[in-house]
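So the chains spell out like this:
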Amino acid sequence: MGITFRKETFRDDFTFKNSPEHIRRFPFPFHEDAYMYAVNIEPHVVGPKGSVLENLIDVDEHYVAEMQDRALVLAEDPLRCQSLPHMTLAGWDLLELLMEQQALGYPEHFTLTRDGDRWRWINRPLGIDDTFTFGDTSTLPYGPMEYITRQSQGDFCILDQRDGNLWMDAGMVTTQADWSLDFDIGMNFFEWHAPVPLAHEKGIFVRALKFLTNIQQGKPARRLNWTMTINPRLDTSPENYHKWGPDRATVTPENVGDKVHLRVELQSFWRLPRSNGIVFPIRCYLIKMDELVTQPKWARRLHRVIRDLPDELANYKGLTRFRPTLVEWLSKLDDGSATSPGFGPD
Amino acid sequence: MAAKSIISRPVYGTLSPQPGKHHLFIADAEGALAIAEMAERAPPGFFDDAEIVFIPGPDGNHIAALDALKPAQFHQAPSFASLLPRLRQTLANAHMGLRLYLSGTEGLIGQAMQVALEAGIDHTSIQTEHRGSLARRMQCVHCKGITENVTTQPATCAHCGLLLLVRDHYSRRIAAFQGVCINAEDRSEIPPMEEIFR
């Protein structure tokens, strides 16, 4: 059985779509009819069958297409994947974590066998069957972080912990919501979050750092974040902003449903056993408005959230140019009736 | 200095004598005044173990004032680029107990700190004092080219020509502020260019 991987694109002709099952499992990020920052971190434990939390590292129908898109991004711009020299051990930690989790959750697609340091990794969807020596970088075609994150959905930041802070010292970042790994690499937790409005004053980052530096091995945590993207484009990097920015001016009342996408990041945080670093996978889920509004509760709630969002946040998230068109379109799907508590569809 | 700023924007202090075995000062132009003022508060003999490296401004001022401090070594360089090989060697050969003091323009402080970071010196141990021009070093996030001495907002990238918003977001590793296309969503919008980093 297993997952049927879709053939689709995140650029040019934008053929990305969600199947009906994937619409139902979409991680809708609003549990009430309004949104404001919060340190919304909770334990990353397994959730209901059929949800994106069924496995702690989620693999879905977009896996193969996303990995193809990542390869295209890296061919254009190798600076999207960087690791400072002291981070190689953490890269091996990450390789172990992702191989174990993907093999555990999806045995029909991934197999890991270990004989001491001699490991064999089979990735059937991508046609990979490699045997290598754990800890010996010369036995892999890339460094350990790059090798495994070319085979794992989502962006990955590896944070070094020292001086009571977390330092962005390695990462694979090709599906980011408008931040640059190349610029931010080497920064501490407060520095790389510096451009985020409002949250510093609320003490959000001080509390979040305290939580993250205390994460224990085997007890990962998670949170959701969100923004909106025009067209199902994974690579909304600042590097290419001058190429995708014009998309924001193309939204019309006629094409809102097809062009405007809610972009949700499932961020998780894991202590790494050998390096004592923290890996921070940022898993991106996209859903177009036409798909999202098939769930009437989500349509009503999203209308209220976007309509009432503070201007400063709307601006930071890049919604300003198309927000009126989107709110007008969503308002027709909001009869004013109450929405049930919680994230899920009714 | 900017009134409202963000956390990645460097904050500069006032040079003060630190306990240490050797003291390396790197300054440009009016940065010399920061050293001279600190010297008034320094214990006797402080400059016996000091090296001052100075990049004079176009007017050539302040050389005599620094020479008068009688540092163990006094070196003048015509530009930061010309200073780099010497600075890299000094830092590579440095021992525990070296203290680093940077004063002058943001571009000088940032680039000297970048070399110090590469040599393994913790940025929080470095004394800095800003004097003189507020002109910025800017990295274009799109083409990665660095434009020196940016005084306007927005500013044109000297490499790819895009019109860039000069952000307060700063990278010590790159020693530059980030420039992001200001009219990416509609290239026909041309905001007025104002001289604000002087």
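From a predicted model like this one, the values you see are computed outputs, not experimental measurements. (Residues numbered from 1 in each chain as written. Chains lettered and ligands numbered in written order. Predicted model: local features only at pLDDT ≥ 70, side-chain atom pairs only at ≥ 80, totals over all residues.)

Explanation requested: the domain arrangement of chain B in the structure shown.
All names here are of chain B. According to the domain assignment, chain B consists of domain 1 (22–130) and domain 2 (136–195). Relative placement of domain 1 and domain 2: their C-alpha centres are 29 Å apart. Listed by partner, the interface residues are eight residues for domain 1 and seven residues for domain 2. Considered class by class, the residues forming the side of domain 1 that touches domain 2 number two nonpolar, five polar and one charged. (Domains from an automatic or database assignment. Contact = placed C-beta atoms within 7 Å. Nonpolar A, V, L, I, M, F, W, Y, C, P; charged D, E, K, R; others polar.)

Help me out: how do you make sense of the sheet that holds strand 3 (residues 73–76) of chain B in this one?
To summarise the sheet geometry, strands pair through backbone hydrogen bonds and adopt either a parallel or an antiparallel arrangement. All names here are of chain B. Taken in spatial order, the five strands make up an open sheet running 3-2-1-4-5, and their pairing is parallel. The strands lining the two open edges of the sheet, one partner per strand, are strand 3 and strand 5 (127–130). Across the sheet, the axes of successive neighbouring strands diverge by a mean angle of 10 degrees, strand direction being ignored. By the bridge criterion, four bridges tie strand 2 (residues 50–55) to strand 3 in an arrangement that is parallel. Bridge pairing in strand 3 links Val53 to His75. With respect to the sheet, helix 1 (residues 31–39) is in contact with strand 1 (22–28), strand 2, strand 4 (98–104) and strand 5, its orientation differing from that of strand 1 by roughly 145 degrees. (Pairing = 2+ DSSP bridges. Helix = DSSP H or I, 4+ residues; strand = E, 2+ residues; numbered from the N terminus. Axes fitted to C-alpha atoms, helices over the stretch in contact; angles between N-to-C directions.)

Would you mind going over the sheet that holds strand 9 (residues 260–271) of chain A with me for this structure?
Residues and elements named next belong to chain A. Read from one edge of the open sheet, seven strands run 1-8-9-10-6-7-2, paired in antiparallel fashion. Here the strands that pair on one side only, and so sit at the sheet edges, are strand 1 (42–43) and strand 2 (81–83). Pairing between strand 6 (residues 155–162) and strand 10 (residues 278–288): five bridges, direction antiparallel. Of the residues in strand 10, the one forming a bridge with Cys157 is Phe280. Its contacts with the sheet place helix 7 (residues 204–213) against strand 6, strand 7 (165–172), strand 9 and strand 10, and it is angled at close to 75 degrees to strand 7.

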